[in-house]
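# Structure at a glance
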Amino acid sequence: RCLKAVANQSLDPSEFEIIVADDDASLTTQLQVVQLAVRAGCRIIYVPVSRAHGPAAARNAGVKVASGELLAFTDDDCVPDTNWLRGGIASFEDMSVDAAWGSLKMPLRDRPTDYERDAARLSEAVFVTANCFCRKAVFESVGGFDPQFTSAWREDSDLFFTLIEQGFKVAFAEHA
């Protein structure tokens, strides 16, 4: 669902590429990505992650093969809106913006578990990897995500604070 949503962005497919950094490198996932790439019409690159593990290391591996000047991050359990990339890119029209984050909508079932209720609070969060953007040069200059974060927890906050501490401008991407 995530890949299909990213492949179906309102931008022309020649304007972006999708990089799947697979931290649990598997032939099954690789084949799914290749099949979608054939149908999608946009460039999709599969990156098997085999050395350092965790979401931070996987994202860093994906960035190494990225050819664009802007990076957009989302997570495999997300379904980005059709205008997600367009909205994120718009936040960089202000040339002083170095990174940005967009909003999240976390749907809840009628009777959510405590875990689901807790996870839904991410919709109030600032700069989470489910919906954030960064200039590639800026990302690389701060060393990317810290690979010491081996589970999906706070690697995005760490990057956010690093960007701010080093004087980079981080803004809210209202339309992403």
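Our subject in this report is the structure included herewith. (Residues numbered from 1 in each chain as written. Predicted model: local features only at pLDDT ≥ 70, side-chain atom pairs only at ≥ 80, totals over all residues. Heavy atoms only, no water.)

### Notes on the state of the cysteines
- Across all of its chains, the model carries zero disulfides by this definition.
- In this structure C134 is not part of a disulfide, and its nearest cysteine sulfur, from C132, lies 7.7 Å away. (Disulfide = S-S within 2.5 Å.)

### Looking at the packing of aromatic side chains
- Applying the stated criterion to the full structure yields eight aromatic pairs.
- Taking 5.7 Å as the distance between ring centres and 55° as the angle between the ring planes, the aromatic pair formed by W101 and F172 counts as tilted. Placement of W101 in strand β4 (residues 99-101) and of F172 in strand β6 (residues 170-172) is noted, with a sequence separation of 71 residues between them.
- Judged by its relative accessible area of 43%, F172 falls in the partly exposed class.
- An aromatic cluster of three or more residues is present, and its members are W101, F127, F160, F161 and F172.
- One Lys or Arg, R59, reaches over the ring of F145 and ends 5.6 Å from the middle of that ring. (Phe/Tyr/Trp six-rings, centres within 6.5 Å; stacked < 30°, edge-to-face > 60°. Helix = DSSP H or I, 4+ residues; strand = E, 2+ residues; numbered from the N terminus. Buried < 20%, exposed > 50% of the residue type's maximum accessible area, 1.4 Å probe, protein only. Lys NZ or Arg CZ within 6 Å of the ring centre and 35° of its normal.)

### Overview of the side chain of D156
- Topologically, D156 is positioned in helix α7 (residues 155-165).
- The buried charged residue D156 lacks any salt bridge, with R154 as its nearest oppositely charged partner at 5.4 Å.
- With near-sequence residues (within four places) excluded, D156 lies in contact with F127, V128, T129 and F145. (Lys, Arg positive; Asp, Glu negative; His and termini not counted. Salt bridge = Lys/Arg side-chain N within 4 Å of Asp/Glu carboxyl O. Contact = heavy atoms within 4.5 Å.)

### Some thoughts on the pairing of strand β3 (residues 70-73)
- A one-sided burial pattern is seen for β3, the buried positions being L71 and F73 and the unburied ones L70 and A72.
- In this sheet, strand β5 (residues 132-135) lies alongside β3 in antiparallel orientation, the contact comprising four bridges. Counted as the bridge partner of L70 is R135 from β5. (Pairing = 2+ DSSP bridges.)

### Comments concerning the sheet that holds β6
- The strand order across the open sheet built from four strands is β3-β5-β4-β6, with neighbouring strands paired in mixed fashion. Strands with a single pairing partner mark the edges of an open sheet, and in this sheet they are β3 and β6. Neighbour to neighbour, the strand axes of the sheet diverge by 20° on average, direction disregarded.
- Packing against the sheet, α7 makes contact with β4, β5 and β6, and its axis sits at approximately 120° to β6. (Axes fitted to C-alpha atoms, helices over the stretch in contact; angles between N-to-C directions.)

### A look at the environment of D114
- With respect to the helices and strands, D114 occurs in helix α5 (residues 114-120).
- Taking the C-alpha atoms as reference, D114 lies 18 Å from W153; in sequence the two are 39 residues apart.
- A polar atom in the side chain of D114 sits 2.8 Å from the side chain of R117. (Polar contact = N/O pair within 3.5 Å; in protein donor to acceptor, adjacent residues only side chain to side chain.)

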